[in-house]
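Secondary and tertiary structure notes
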Amino acid sequence: MNKIVARYLTLNLALFFMLLLILFSITGAFLGADRAGLFFNSPPLAVFWILLTALFAAGFVFWKSLRRRPFLLLCHAGCVAVLLGGLGGSSAAHRLLAAAGGEARLTQGVMMLRQGQADRQVYRGHQHEPFELPFIVHLAETDVSYYDEPSIGIYARNGKLIGVVPAIVGDTVQISDPDGSTVNVTVTQRFENLRLQRDEDGMTGVEGPPDRRNPGCEVVLTLPDGSESRQYVFERIEPRMWPEAPFLARYLPPHKPKEYKSLLKIERDGQIVREKTIRVNDPLYYSGYHFYQSTFGQDEIGPYSGIMVVSNRGVGLVFFGYALLSAGLFGQYWILPLRRRRSRGAADAD
């Protein structure tokens, strides 16, 4: 009798917890990614995950019929594996394993690296103490591609924009302002890192060091009287003194990012042991951590990348659980019905 009661309670508790799981999932969908992460990793939810895992595990004891139904057994085992993998990858599990003498592992954090910089420190949310990786991460190169191209804006001396031309070397475009004055605009050179140097002809644009990025162009404005004004336009750092000309050119950068990329190199014991160009959904994996392209930016110093570092502890078990669950569902809802149809067909033939 006690066994029957235990089976009844296990079944009903499992159904109740599954209902709670549906409600929690709906709630998390409206919280946003950051708040949902805090919600599902909160202490009350940690107790919920442990109890749900225990209920699934109890099914192997109280429902021996699972052993005679291999596809349902696979589904059941897959659910247990997914839950165990999720618990093993949680922050609480990382802290418990470290307290028990295991390897101290980072759950999730962010590294902010500039091009050419190397570091081993990862910052973990609101925690003041950074976590030090057992290896060094180098940001060798970073880049961003755009759907659109840069252009050159032509302004009157009063600051009014009177026209925009594409930043294509060799093209000449004629622009007229509301007063009827015209100007021919020609882009003569493009630079990845524009720097100005003084020579006998005045200021001349040259290509700067490749470790920094400040795109720019050399633009020649030809007035109706035939006089020319050579101007240099920059994406980020512009000259403080504008030339005495009736028209001024400004660099208009592209504004539709297509892809961010960062070339990471992992150094361990003085040697580069791994390198890869990471993208938003294409991380580098090394020594139990995934390194994701998270953010990208530029300032007066140069480009920088935000690299998200995530531990993969428990991920393998989660994927294994999904594989078991998929195999069980495929067998239960495809192979078994197919066998039954064949059996009925054979019986009808007899």
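My aim in this report is to walk through the structure given alongside it, one point at a time. Since the structure is predicted, the reported quantities are computational estimates derived from the model, not experimental observations.

Here we take up unusual backbone geometry. Positive phi values are uncommon outside glycine, yet Asp269 reaches one of about 55°. For Asp269, the position within the fold is in the loop between β13 (257-268) and β14 (271-278). Of the residues examined, Asp269 reaches a relative accessible area of 79% and is grouped as exposed. Residues other than glycine seldom take positive phi values, yet Ser287 does so here, at roughly 50°. Of note, Ser287 is situated in the loop between β15 (284-286) and β16 (289-298).

Where helix α3 (residues 43-62) meets helix α4 (residues 70-88), the axes come as close as 10 Å, and the angle between the chain directions of the two elements is 150°. Overall, the two elements α3 and α4 adopt an arrangement that is roughly antiparallel. As for how α3 packs across α4, the hand of that crossing is left-handed. Listed contacts from α4 to Trp49, Ile50, Leu52, Thr53, Phe56, Ala57, Gly59 and Phe60 of α3 are Leu73, His76, Ala77, Cys79, Val80, Leu83, Leu84 and Leu87. For the contact of α3 with α4, the residue count by class is 13 nonpolar, 3 polar and no charged.

In this model α3 runs 29 Å from its N-terminal to its C-terminal C-alpha over 20 residues, within 8% of the 28 Å that 1.5 Å per residue would give. Regarding α3, the residues found buried are Leu45, Phe48, Trp49, Leu52, Thr53, Leu55, Phe56, Ala58 and Gly59.

Before going further, it helps to spend a moment on the environment of Phe48. On the secondary structure map, Phe48 appears in helix α3. Among the residues examined, Phe48 registers a relative accessible area of 6% and is labelled buried. Considering only alpha carbons, one finds Phe48 and Phe17, 31 residues apart in sequence, at a separation of 8.1 Å. When near neighbours in sequence (up to four residues on either side) are disregarded, Phe48 contacts Phe17, Leu20, Leu21 and Phe24.

Calculation criteria
- Along each chain, residues carry numbers from 1 onward, in the same order as the chain's sequence is written.
- Local features in this predicted model are restricted to residues whose pLDDT is 70 or higher, and side-chain atom pairs enter the listing and the counts only when it is 80 or higher, whereas totals over whole chains, interfaces and linings include all residues.
- Side-chain measures were taken over the full set of non-hydrogen atoms in the model, leaving aside hydrogen atoms and water.
- In this description a helix means any DSSP run of H or I spanning at least four residues, a strand means any run of E spanning at least two, and both kinds are numbered starting from the N terminus.
- Each residue is assigned to one of three classes by its accessible area relative to the maximum for its type, calculated with a 1.4 Å probe on protein chains only: buried under 20%, partly exposed between the two thresholds, exposed over 50%.
- In this description, a line fitted to the C-alpha atoms serves as the axis of each element, helices being fitted only across the stretch in contact, and the angle between N-to-C directions of two axes falls anywhere from 0 to 180 degrees.
- To sort the angles, those under 35 degrees are grouped as roughly parallel, those over 145 as roughly antiparallel, those from 65 to 115 as roughly perpendicular, and the leftovers as oblique.
- In a left-handed crossing the near helix is turned counterclockwise from the far helix by less than a right angle, and in a right-handed crossing that turn is clockwise.
- Should any heavy atoms of two residues lie within 4.5 Å, those residues are counted as being in contact.
- Gly is put with the polar residues, along with every residue not named as nonpolar or charged; the nonpolar set is Ala, Val, Leu, Ile, Met, Phe, Trp, Tyr, Cys and Pro, and the charged set is Asp, Glu, Lys and Arg.
- Expected helix span is taken as 1.5 Å per residue step, with the number of steps being one fewer than the number of residues.

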